Amino acid sequence: QKTAYEIKECDWSSDVCSSDLVIREIREEGLEDMFARCASYAEATREAMKAIGLRLFAPDSPSDSITAVLAPEGMDAQAIVKNLSVKYGITVAGGQDNAKGKIFRLSHMGYLDGLDMVTAIAAVEMTLRDLGHKVELGAGVRRAEEILV
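The shown structure was predicted, so the numbers you read here are calculated from the model rather than taken from an experiment. (Residues numbered from 1 in each chain as written. Predicted model: local features only at pLDDT ≥ 70, side-chain atom pairs only at ≥ 80, totals over all residues. Heavy atoms only, no water.)

A.B. asks: Help me understand the sheet that holds strand S3 (residues 103–107) in this model?
C.D. replies: Strand-to-strand pairing in sheets goes through backbone hydrogen bonds, with the strands running parallel or antiparallel. Within the open sheet, the three strands sit side by side as S1-S3-S2. Their pairing is antiparallel. The strands lining the two open edges of the sheet, one partner per strand, are strand S1 (66–70) and strand S2 (93–94). As paired strands, S2 and S3 are joined by two bridges and run antiparallel to one another. Within S3, the position partnered with Gly-94 by the bridge is Phe-104. Against the sheet, helix H3 (residues 77–88) contacts S2 and S3, and its axis sits at roughly 40° relative to S3. (Pairing = 2+ DSSP bridges. Helix = DSSP H or I, 4+ residues; strand = E, 2+ residues; numbered from the N terminus. Contact = heavy atoms within 4.5 Å. Axes fitted to C-alpha atoms, helices over the stretch in contact; angles between N-to-C directions.)

Structure follows, in C-alpha coordinates:
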(Lines give C-alpha, C1' and ligand atoms only; values in the text may rest on other atoms or scores of the structure.)
Protein backbone atom coordinates (compact mmCIF):
# COMPACT_ATOMS: atom_id res chain seq x y z
CA GLN A 1 0.00 0.00 0.00
CA LYS A 2 1.28 3.47 -0.92
CA THR A 3 1.84 6.09 1.74
CA ALA A 4 0.10 9.47 1.71
CA TYR A 5 3.42 10.96 0.67
CA GLU A 6 3.70 8.63 -2.33
CA ILE A 7 0.22 9.48 -3.58
CA LYS A 8 0.79 13.20 -2.94
CA GLU A 9 -1.70 13.43 -0.08
CA CYS A 10 -0.14 15.17 2.88
CA ASP A 11 -1.28 15.92 6.40
CA TRP A 12 -0.67 19.16 8.33
CA SER A 13 2.91 19.29 7.06
CA SER A 14 1.65 20.02 3.54
CA ASP A 15 4.04 22.94 3.00
CA VAL A 16 7.04 20.68 3.54
CA CYS A 17 5.51 17.92 1.45
CA SER A 18 4.55 20.36 -1.31
CA SER A 19 8.05 21.81 -1.42
CA ASP A 20 9.50 18.33 -1.69
CA LEU A 21 7.11 17.45 -4.51
CA VAL A 22 7.94 20.64 -6.42
CA ILE A 23 11.66 20.01 -6.04
CA ARG A 24 11.16 16.46 -7.29
CA GLU A 25 9.24 17.73 -10.34
CA ILE A 26 11.97 20.27 -11.10
CA ARG A 27 14.60 17.53 -10.89
CA GLU A 28 12.57 15.27 -13.18
CA GLU A 29 12.05 17.99 -15.78
CA GLY A 30 15.50 19.49 -15.38
CA LEU A 31 16.16 23.09 -14.45
CA GLU A 32 17.18 24.21 -17.95
CA ASP A 33 14.10 22.57 -19.51
CA MET A 34 11.89 24.22 -16.89
CA PHE A 35 13.40 27.63 -17.71
CA ALA A 36 12.91 26.99 -21.43
CA ARG A 37 9.27 25.97 -20.87
CA CYS A 38 8.55 29.12 -18.88
CA ALA A 39 10.29 31.22 -21.55
CA SER A 40 8.14 29.71 -24.31
CA TYR A 41 4.95 30.34 -22.31
CA ALA A 42 6.11 33.91 -21.69
CA GLU A 43 6.83 34.54 -25.37
CA ALA A 44 3.47 33.05 -26.38
CA THR A 45 1.63 35.19 -23.82
CA ARG A 46 3.42 38.42 -24.75
CA GLU A 47 2.80 37.86 -28.45
CA ALA A 48 -0.83 36.90 -27.82
CA MET A 49 -1.49 40.07 -25.83
CA LYS A 50 0.03 42.15 -28.63
CA ALA A 51 -2.07 40.25 -31.20
CA ILE A 52 -5.26 41.35 -29.43
CA GLY A 53 -4.07 44.94 -29.31
CA LEU A 54 -2.88 45.17 -25.71
CA ARG A 55 0.38 46.73 -24.58
CA LEU A 56 2.89 45.18 -22.21
CA PHE A 57 3.70 46.99 -18.97
CA ALA A 58 7.47 46.45 -19.36
CA PRO A 59 8.04 45.83 -23.09
CA ASP A 60 11.78 46.54 -22.91
CA SER A 61 12.47 44.18 -20.00
CA PRO A 62 9.90 41.38 -20.01
CA SER A 63 10.03 38.59 -17.48
CA ASP A 64 9.81 34.91 -18.29
CA SER A 65 7.99 34.27 -15.01
CA ILE A 66 5.05 36.64 -15.45
CA THR A 67 3.63 38.93 -18.13
CA ALA A 68 2.27 42.27 -16.97
CA VAL A 69 -0.31 43.70 -19.38
CA LEU A 70 -1.76 47.20 -19.47
CA ALA A 71 -5.55 47.28 -19.40
CA PRO A 72 -7.17 48.98 -22.39
CA GLU A 73 -7.55 52.73 -22.07
CA GLY A 74 -10.42 53.59 -19.74
CA MET A 75 -10.81 50.05 -18.38
CA ASP A 76 -10.02 49.15 -14.77
CA ALA A 77 -7.65 46.17 -14.71
CA GLN A 78 -9.27 45.01 -11.46
CA ALA A 79 -12.47 44.42 -13.45
CA ILE A 80 -10.47 42.18 -15.80
CA VAL A 81 -9.02 40.24 -12.86
CA LYS A 82 -12.44 39.83 -11.27
CA ASN A 83 -14.21 38.76 -14.48
CA LEU A 84 -11.48 36.23 -15.29
CA SER A 85 -11.92 34.69 -11.85
CA VAL A 86 -15.69 34.82 -11.45
CA LYS A 87 -16.83 33.99 -14.98
CA TYR A 88 -13.98 31.83 -16.31
CA GLY A 89 -12.26 30.39 -13.24
CA ILE A 90 -8.90 31.85 -14.27
CA THR A 91 -6.74 33.37 -11.55
CA VAL A 92 -4.45 36.23 -12.49
CA ALA A 93 -2.89 38.96 -10.39
CA GLY A 94 -3.70 42.63 -10.52
CA GLY A 95 -1.26 45.48 -10.22
CA GLN A 96 0.12 46.70 -6.93
CA ASP A 97 0.74 50.19 -5.56
CA ASN A 98 0.77 52.71 -8.45
CA ALA A 99 -0.01 49.96 -10.98
CA LYS A 100 -3.22 48.87 -9.20
CA GLY A 101 -6.14 49.11 -11.60
CA LYS A 102 -3.79 49.64 -14.53
CA ILE A 103 -2.33 46.18 -15.17
CA PHE A 104 -3.08 42.50 -14.83
CA ARG A 105 -0.44 39.77 -14.63
CA LEU A 106 -0.39 36.26 -16.08
CA SER A 107 2.01 33.73 -14.60
CA HIS A 108 4.05 31.24 -16.63
CA MET A 109 5.42 29.20 -13.75
CA GLY A 110 4.08 26.37 -11.69
CA TYR A 111 2.00 23.34 -12.46
CA LEU A 112 0.66 24.26 -15.89
CA ASP A 113 1.14 23.43 -19.53
CA GLY A 114 0.71 25.04 -22.93
CA LEU A 115 -3.01 24.30 -23.04
CA ASP A 116 -3.42 26.13 -19.73
CA MET A 117 -1.72 29.16 -21.28
CA VAL A 118 -3.96 29.03 -24.36
CA THR A 119 -7.02 28.71 -22.11
CA ALA A 120 -5.96 31.77 -20.09
CA ILE A 121 -5.39 33.77 -23.28
CA ALA A 122 -8.83 32.78 -24.60
CA ALA A 123 -10.36 33.85 -21.29
CA VAL A 124 -8.61 37.23 -21.52
CA GLU A 125 -10.06 37.71 -25.00
CA MET A 126 -13.57 36.80 -23.82
CA THR A 127 -13.25 38.96 -20.71
CA LEU A 128 -12.26 41.99 -22.75
CA ARG A 129 -15.29 41.38 -24.97
CA ASP A 130 -17.50 40.94 -21.87
CA LEU A 131 -16.31 44.30 -20.56
CA GLY A 132 -17.06 46.10 -23.82
CA HIS A 133 -13.63 46.17 -25.43
CA LYS A 134 -13.53 45.42 -29.14
CA VAL A 135 -11.33 42.37 -29.64
CA GLU A 136 -11.00 39.79 -32.38
CA LEU A 137 -11.74 36.54 -30.58
CA GLY A 138 -9.11 33.93 -31.35
CA ALA A 139 -6.39 36.35 -32.49
CA GLY A 140 -4.33 35.92 -29.33
CA VAL A 141 -5.03 32.19 -29.12
CA ARG A 142 -3.91 31.75 -32.72
CA ARG A 143 -0.67 33.66 -32.11
CA ALA A 144 0.08 31.68 -28.94
CA GLU A 145 -0.56 28.38 -30.70
CA GLU A 146 1.83 29.37 -33.51
CA ILE A 147 4.56 29.70 -30.88
CA LEU A 148 3.68 26.73 -28.67
CA VAL A 149 2.94 24.08 -31.29
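A.B. asks: Looking at this model, I keep getting lost on the side chain of His-108. Mind explaining?
C.D. replies: Looking at the element boundaries, His-108 is found in the loop between S3 and helix H4 (114–130). Note on His-108: relative accessible area 0%, which makes it buried. Within the local environment of His-108, its side chain forms a polar contact with the backbone oxygen of Asp-64, the two atoms lying 3.4 Å apart. Once residues within four sequence positions are removed from consideration, His-108 is found in contact with Arg-37, Cys-38, Tyr-41, Ala-42, Thr-45, Ser-63, Asp-64, Ser-65, Ile-66, Thr-67 and Met-117. (Buried < 20%, exposed > 50% of the residue type's maximum accessible area, 1.4 Å probe, protein only. Polar contact = N/O pair within 3.5 Å; in protein donor to acceptor, adjacent residues only side chain to side chain.)

A.B. asks: Would you explain the pairing of S3 in this entry?
C.D. replies: Each regular strand displays side chains that alternate between the two surfaces of the sheet. As paired elements, S1 and S3 share five bridges and run antiparallel to each other. Looking across to S3, one finds that Ala-68 is bridged to Arg-105.

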